[in-house]
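Take a look at the letters that make up each chain.
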Amino acid sequence: MPDYLLELRHGGRVAGVDEAGRGPLAGPVLAAAVVFRKKPRAGLARLLDDSKRLSPEARDIAFAALREAALAGLLDFAIAAASSVEIGRINILAATHLAMRRAVLRLAAAPDLALIDGNQAPSLPCATQCVIGGDAASLSIAAASILAKVTRDRAMRRLHARWPAYGFANHVGYPTPAHRAALAEHGPSPHHRRGFAPVDQAVLRFA
């Protein structure tokens, strides 16, 4: 389970930063940055974990709790995206770093340090530290992973209403067999990512 030791060790304003949506064939990549103003209360901390290890219901509960904590002044957070068009233009890693940078820059006050989930850090106007498996180690990163994941999943469900043939509400853009089959049958939507092989192959077939 994640804890608050990294944040306490560094002191000051420490932001946890994580992304959601690097692997899908469609939709944006989302990033969130979270700064706890003090050590999270036990009740909130118990809700936080790597978003991939939580059920959708648990993620929604944690998401709501984080929003309430922000309204109560216990934490600051910001969420940002890089679009599918940007992903196709600059590649998924660069787009992920762009979304992370946008999220950090949207915080109400700049952090002294950003803890970045993974082994590569974006260019930020503050010190950075990469934390491999950070969403299972740091409460700030875990909180960011939940905010990014829930926000992205909800965005993909909204896309489903406009593009129901692709089943976005079910797979939120990930390359499931059903998604690949829909892509092969209907071709890519404007929200599919160029530069991903299944999408590029569908572009060629429907050209």
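Here goes a summary of the coordinates provided. Note that this is a predicted model, so its numbers are computed, not measured.

**Considerations on the side chain of aspartate 50**
Counting through the fold element by element, aspartate 50 comes out in the loop between α2 (42–45) and α3 (56–71). Given the relative accessible area of 8%, aspartate 50 is considered buried. Discounting residues that sit within four places of it in the chain, aspartate 50 has contacts with Asp135, Ala136, Ala142 and Ser145.

**Observations regarding unusual backbone geometry**
In the Ramachandran plot, asparagine 91 falls in the positive-phi region, its phi being about 85 degrees despite a non-glycine side chain. Tracing the backbone through its elements, the reader meets asparagine 91 in the loop between α4 (84–90) and α5 (92–106). Positive phi, close to 45 degrees, is recorded for valine 172, a residue that is not glycine. Relative to the helices and strands, valine 172 resides in the loop between α7 (168–171) and α8 (177–186).

**Section: the environment of serine 145**
Summarising the element assignment, serine 145 is placed in helix α6 (residues 139–162). Separated by 28 residues in sequence, serine 145 and glycine 173 have C-alpha atoms that sit 17 Å apart. Excluding its chain neighbours within four sequence positions, the residues that come into contact with serine 145 are Asp18, Asp49, Asp50, Ser51 and Asp135. A polar side-chain atom of serine 145 sits 3.2 Å from the main-chain amide nitrogen of serine 51.

Definitions and limits used
- Residues numbered from 1 in each chain as written.
- Predicted model: local features only at pLDDT ≥ 70, side-chain atom pairs only at ≥ 80, totals over all residues.
- Heavy atoms only, no water.
- Helix = DSSP H or I, 4+ residues; strand = E, 2+ residues; numbered from the N terminus.
- Buried < 20%, exposed > 50% of the residue type's maximum accessible area, 1.4 Å probe, protein only.
- Contact = heavy atoms within 4.5 Å.
- Polar contact = N/O pair within 3.5 Å; in protein donor to acceptor, adjacent residues only side chain to side chain.

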